[in-house]
Amino acid sequence: MNFEYDIIVVGAGHAGCEAAAAAANMGARTCLMTMDMNKIAQMSCNPAVGGIAKGQIVREIDALGGQMGIVTDRCSIQFRMLNQSKGPAMWSPRAQCDRGKFIWTWREVLDHTPNLSIWQDQATELLVEDGKATGLKTLLGATFHAKAIVITAGTFLNGLMHIGRVKFPGGRIAEPAATGLTESITRHGIRCGRMKTGTPVRIDKRSVDFSKAERQDGDAHYSAFSFLSEGRMLKQLPCWIVYTNEKVHEVLRTGFDDSPLFNGQIQSIGPRYCPSIETKLHTFPDRNQHMLFLEPEGEDTNEMYLNGFSSSLPMDVQIEALRQIPAFKDIEVYRPGYAIEYDYFDPSQLKHSLESKIVSHLFFAGQVNGTTGYEEAAGQGIMAGINAVRRIRGDEPVVLQRDQAYIGVLIDDLVTKGVDEPYRMFTSRAEYRILLRQDDADMRLTELGYRIGLATQQRYDRMKDKAERIQQIIDFADNFSIKPVLINAGLEKIGTTPLQHGCKLSELLGRPQVSIKRLMPLIQPFQKAIDKICKDCSPTRIDEIIEATEVRIKYKGYIERERQMAEKMVRLENIKIKGRFDYMNMNQITIEARQKLTAIDPETLAQASRIPGVSPSDVNVLLVLMGR
């Protein structure tokens, strides 16, 4: 075999799969290297995709031409749109998936991607010549060469697993850790650290008394992640809710002396927003119960996942504690929960393209950058794949802005602020979240994906068609006048105040109690207009168009105001400062600002303004020194 490639991606988790697929689909000869071809895109923790802000990231990946949304829709066994009681900026899709089918669906996608090879092996050494990544050596003794390398090794780098006082090397349960690669990377001046994550017990559903659990069904109507999906493929299954109690807590506390989190065995920092059950008891000692979600792992398996019960306590303590929950009185488990420590690399040493500032043509994506979550990993993966290809072609990198995508917020936070704990995306991290809704990810990003050669013609045409239909409905609503005498009886029936005078249809749609679907039966010309505009569309497609149209009409003022705010910030984004200042010799700014600016070396003034420790007065000094 000829081990010469354009791009090599190390690790076939969620970041690696997206990176490899993106690079190959853009025409680069790509190799995806993984230790186990049967665990590609393994859902190491919860077999679910999406959630608050994470769902928006998946839709952005899909809009760019990525695969995660398509694979998720093919494997979904429960879909829910979260936060529908709040405004549309907060709506977030989430799907429980069939774990096994997810792996094999991704494998099918990769196997049928032109320009993509898969090699089963472990990378042990990074090859660097004159400050440029040129290849890899592997455990099997092969030497690979490439024009760019993407590292997406997840939790495998020097992975160490903990169950009580028992600890052993591993990247995931029953899978070996990857050794040697971290050291071969750090010898070039790239900083690394240690982080910790964990996962809960897996339960045999045949031992669960479901009569003592609360059933939680998914959405009755069809929704999807991918803008290309049209219908469900798998049976929809319920999740279940149970609660811990004081007896559970008493048993758990008996294991605290043997907890690696409390006895010094684990020194690294875990995810703040996904704490272990023992951390919950320690942090909230007055809480007498905690909610747990029992979730199916697939259509054809008895294995279930206990969301909220991540733990590294001794396994006998975990099992005995669970048996104090009425639904789990006779519980049997497949394996206990465990914690895992692993290496990550300081993301502040990366460019916004996710290329290393220290070793050129070397890219990092996923948990190796200090993030947590499949979605955050995949978002980085697709951008690393895109930019690796553009790097070797001599093109400018694609950098998504904070008002353009949650992926842009994620990457900017990582490279600007660095991390001191596993980073998880939330809507609150985005200052322009009204602009970053899940319903319009295709409008924001598909044209870009098409322009760089990733999004297909089919995807691009579908987006343009949708945009035209939405605009036609908005134009109708802006120009159609409503007379009170014809509508007031219907308005009273749907619980909103009758009109005192005539108005445009778009003004009426601005009311919170009013929706397009509620008004269509009351206004026959409106019904006929939508039927005409959406002719030849599937019911799913019609729902997608109506939802996006309604959001744009109802929140027009908010959207315009946030767009104006974003455009003001663009002025600072356009002021390039990299290489223009010797910060350590600038007495006009604070010592902290000098140190932070020197360490990060920001590309733009806007990035500098977001660095913790750089004050508005420091930014003003930089503006003055640039003659602004």
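So, here is what we can say about the structure in this document. (Residues numbered from 1 in each chain as written. Predicted model: local features only at pLDDT ≥ 70, side-chain atom pairs only at ≥ 80, totals over all residues. Heavy atoms only, no water.)

### Some points on the overall build of the chain
So, step 1. When its secondary structure is counted, the chain shows 21 helices and 21 strands.
So, step 2. Computed over C-alpha atoms, the radius of gyration of the chain comes to 26 Å, within 12% of the 25 Å expected from 2.2 N^0.38 for 628 residues, which places it in the range of a compact globule.
So, step 3. Seen through its C-alpha atoms, the chain measures out along the principal axes to roughly 80 × 70 × 55 Å.
So, step 4. Relative to its 628 residues, the chain shows a buried fraction of 58%.
So, step 5. For the chain, contacts bridging at least 24 residues in sequence account for 73% of all contacts bridging at least 6.
So, step 6. For the chain, the exposed surface amounts to about 25,900 Å²; the carbon and sulfur share of it is 50%.
So, step 7. A distance of 3 Å separates the average location of the 78 positive side-chain charges in the chain from that of its 77 negative side-chain charges. (Helix = DSSP H or I, 4+ residues; strand = E, 2+ residues; numbered from the N terminus. Rg over C-alpha atoms; globule rule 2.2 N^0.38 Å. Buried < 20%, exposed > 50% of the residue type's maximum accessible area, 1.4 Å probe, protein only. Contact = heavy atoms within 4.5 Å. Areas by Shrake-Rupley, 256 points an atom, 1.4 Å probe, with all protein chains shown as cover. Lys, Arg positive; Asp, Glu negative; His and termini not counted. Charge placed at Lys NZ, Arg CZ, Asp CG, Glu CD.)

### A few points about the packing of aromatic side chains
So, step 1. Following the criterion strictly, the structure yields 14 aromatic pairs and no others.
So, step 2. Arranged with centres 4.8 Å apart and planes meeting at 45 degrees, the rings of Phe210 and Trp240 form a pair that is tilted. A residue pair is termed long-range when its members are at least 10 positions apart, and Phe210 in the loop between β12 (192-204) and β13 (214-216) and Trp240 in strand β14 (residues 239-243) qualify at 30 residues.
So, step 3. Given a relative accessible area of 24%, Phe210 falls into the partly exposed group.
So, step 4. Taken together through their ring pairs, the aromatic side chains of Phe3, Tyr5, Trp119 and Phe144 make up a single cluster.
So, step 5. The ring of Phe227 has Arg59 lying over it, and the distance from NZ or CZ to the ring centre is 4.1 Å.
So, step 6. When the ring centre of Tyr423 is taken as origin, the NZ or CZ atom of Arg429, which lies over that ring, is 4.3 Å away. (Phe/Tyr/Trp six-rings, centres within 6.5 Å; stacked < 30°, edge-to-face > 60°. Lys NZ or Arg CZ within 6 Å of the ring centre and 35° of its normal.)

### What to know about the pattern of salt bridges
So, step 1. The final tally for this structure, using the stated rule, is 44 salt bridges.
So, step 2. A cluster of three or more residues bridged by salt bridges with shared partners is formed by Arg402, Asp412, Asp413, Lys417, Glu431, Glu573 and Arg610. (Salt bridge = Lys/Arg side-chain N within 4 Å of Asp/Glu carboxyl O.)

### Some words on helix α21 (residues 616-625)
So, step 1. Those residues of α21 that sit buried are Asp618, Val619, Val621, Leu622 and Leu623.
So, step 2. Turning to α21, the residues buried within the fold contact α19 (591-600) and α20 (605-609).

### Describing the state of the cysteines
So, step 1. Under the defined criterion, the tally for this structure stands at zero disulfides.
So, step 2. With no disulfide of its own, Cys31 lies 13 Å from the sulfur of Cys17, the closest cysteine sulfur.
So, step 3. Residue class for Cys31 comes out buried when judged on its relative accessible area of 1%. (Disulfide = S-S within 2.5 Å.)

### Quick notes on the nonpolar core
Nonpolar side chains tend toward joint burial in soluble globular proteins.
So, step 1. Of all hydrophobic cores here, the largest spans 103 residues; its most connected members are Ile8, Trp106, Ile149 and Met383.
So, step 2. Looking at this core element by element, the count peaks at nine residues for helix α9 (residues 374-393).
So, step 3. If sequence neighbours within four positions are ignored, Trp106 has contacts with Cys17, Glu18, Ala21, Ile40, Ala41, Gln67, Met68 and Val71.
So, step 4. Judged by nonpolar contacts, the second largest core, of 27 residues, contains Ile473, Ile474, Met520 and Ile533. (Core = buried A, V, L, I, M, F, W, Y, C linked by side-chain atoms within 4.5 Å.)

### Examining the environment of Thr456
So, step 1. When you line up the elements, Thr456 lands in the loop between α11 (441-451) and α12 (457-479).
So, step 2. Here Thr456 falls in the partly exposed class, since its relative accessible area comes to 41%.
So, step 3. Taking C-alpha positions, Thr456 is 9.4 Å from Asn25, a pair spaced 431 residues apart along the chain.
So, step 4. A distance of 3.1 Å separates a polar side-chain atom of Thr456 from the backbone nitrogen of Arg459. (Polar contact = N/O pair within 3.5 Å; in protein donor to acceptor, adjacent residues only side chain to side chain.)

### Quick look at the sheet that holds strand β4 (residues 76-82)
So, step 1. Spatially, β3-β5-β4 is the arrangement adopted by the three strands of the open sheet, whose pairing is antiparallel. Here the strands that pair on one side only, and so sit at the sheet edges, are β3 (48-50) and β4. Taking the axes of each pair of neighbouring strands and ignoring which way they run, one obtains an average angle of 15 degrees across the sheet.
So, step 2. The sheet contact formed by β3 and strand β5 (residues 92-97) spans three bridges and is antiparallel. (Pairing = 2+ DSSP bridges. Axes fitted to C-alpha atoms, helices over the stretch in contact; angles between N-to-C directions.)

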